[in-house]
Amino acid sequence: MSVVSPSISPDIYRIAPGFRALSISVEATPVADERVGEVALQEACEAVLSGQPAWAEAHLNAWADVFRAFGAKPKRTPCSAEALRKRVLKDGTMAPLDPVVDLYNAVSIRYAIPVGGENFAAYTGRPQLILADGTEIFDTMKDGQPGSESPEVGEVIWRDDTSVTCRRWNWRQGIRTRLSVADSRMWFILESLPQMPLEELHSAGKMLTDGLEKMMPGTRCHTVFIS
């Protein structure tokens, strides 16, 4: 199978010392059990409401500090995990969207970790985590219509050889590489700081790969640890 090899700029480690991640490449098969993601999402919401995990607040606070370090305002544009968990704490649940999206959102919620899910067939070149120079293009929606914008100079972004795929590190995903259950080449990135125990990062990755293999029997997953 084709293994995704993301490129991480040295600048990232100056902003976020101790940053580590799991890069998971997936060759997916057709869905056999659509409820896997929905059940995982429900269980993850219940875990958040019961105060799990114990280190969640410390990990999300560390992400807020990292966002401030590159000029973002985490109260307005928080990391993806914090945004999801706030919705659960406010509403008590989260409506299902797509079997695969529900699964990786469940991992993010349950482990208080930003998780990105991408349709890798839409990529050109390898994923790159860099500081923006401000000229890059990010495709988005404006007033219900496709539009584009550029990141701020010095903003942490994920991009490929074409354009930005995610702004403010893991805050908002672009449209071009958005993932759905219909995609066969998938790539996931689970992003962690030292306030999250390392063994929990690997547990989060296993929850994702186990769920994918249960949902789509015969699916192949390859996990690489990045530090």
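Residues numbered from 1 in each chain as written. Predicted model: local features only at pLDDT ≥ 70, side-chain atom pairs only at ≥ 80, totals over all residues. Heavy atoms only, no water.

## Some points on the sheet that holds strand E10 (residues 185-192)
Inclusion rule: When DSSP finds two or more bridges between a pair of strands, those strands are recorded as paired. By definition, any uninterrupted DSSP run of H or I lasting at least four residues is a helix, any uninterrupted run of E lasting at least two residues is a strand, and each is numbered from the N terminus. In this analysis, axes come from line fits to C-alpha atoms, helices being fitted only over the stretch in contact, and the angle between any two N-to-C directions falls in the range 0 to 180 degrees.
Strand order in the open sheet formed by four strands is E3-E10-E2-E11, with antiparallel pairing between adjacent strands. Each end of this open sheet is capped by a strand with a single partner; those strands are strand E3 (115-119) and strand E11 (220-226). With strand direction ignored, the average angle separating the axes of adjacent strands in the sheet is 15°. Examined bridge by bridge, strand E2 (residues 20-27) and E10 share eight bridges and lie antiparallel to one another. Bridging across to E10, Val26 finds its partner in Met186.

## Quick look at the UniProt feature "domain: B3/B4 tRNA-binding" (unreviewed entry) in the chain
Put simply, the rule is: UniProt positions are given in the numbering used here, feature names are shortened, and annotations may be inferred rather than shown by experiment.
In this numbering, the UniProt entry assigns the feature "domain: B3/B4 tRNA-binding" (unreviewed entry) to residues 61-217. Secondary structure content for residues 61-217 is 33% helix and 24% strand, and the end C-alpha separation is 37 Å.

## Looking at helix H3 (residues 56-69)
Operational definition: Here, expected helix span is obtained from the residue count minus one, scaled by 1.5 Å. A simple rule labels every residue: compare its accessible area, found with a 1.4 Å probe on the protein chains alone, to the largest value its type can have, and call it buried under 20%, exposed over 50%, or partly exposed in between. Here a residue-residue contact requires only that any non-hydrogen atoms of the pair lie within 4.5 Å.
Between the first and last C-alpha of H3 there are 20 Å, a value that for 14 residues agrees with the 20 Å anticipated at 1.5 Å per step. All of the buried residues along H3 are Ala56, His59, Leu60, Ala62, Trp63, Ala64, Val66 and Phe67. Against helix H1 (10-15), helix H4 (80-91) and E10 lie the buried residues of H3. Of the residues one or two after H3, Gly71 is the one with positive phi, at around 95°.

## Re the pattern of salt bridges
Working definition: two side chains of opposite charge can pair if their charged atoms are close together. How we decide: Every case where a carboxyl oxygen of Asp or Glu lies within 4 Å of a side-chain nitrogen of Lys or Arg is listed as a salt bridge.
Applying the stated criterion across every chain yields a total of twelve salt bridges. For Arg220, the salt bridge goes to Glu27, with nearest N and O atoms at 2.8 Å. On the criterion of sequence distance, the pair formed by Arg220 in strand E11 and Glu27 in strand E2 is long-range, its members being 193 residues apart. Arg220 sits in the partly exposed class, given a relative accessible area of 43%. What makes Glu27 partly exposed here is its relative accessible area of 27%. Residue Glu82 is joined to Lys86 by a salt bridge in which the shortest nitrogen-to-oxygen separation is 3.3 Å. Residue Glu82 and its partner Lys86 are located together in helix H4, separated by four residues, close to a single helical turn. Here the salt bridges share partners, and the residues they tie into one network are Glu149, Glu152, Glu155, Arg167, Arg168 and Arg172.

## Let's talk about the nonpolar core
Most often, soluble globular proteins have nonpolar side chains that are buried together. Just so we agree on the cut-off: Here the nonpolar core consists of buried residues drawn from Ala, Val, Leu, Ile, Met, Phe, Trp, Tyr and Cys, with membership extended through side-chain atoms lying within 4.5 Å.
Of all hydrophobic cores here, the largest spans 64 residues; its most connected members are Phe19, Val100, Trp169, Phe188, Leu190 and Leu208. Among the elements that take part in this core, helix H5 (residues 99-111) stands out by supplying eight residues, more than any other. For Val100, the contacting residues outside a window of four places in its chain are Leu179, Val181, Met186, Phe188, Leu212, Met215 and Met216. Listed in part, the five residues of the second largest apolar core include Ile130, Ala132, Phe138 and Ile157.

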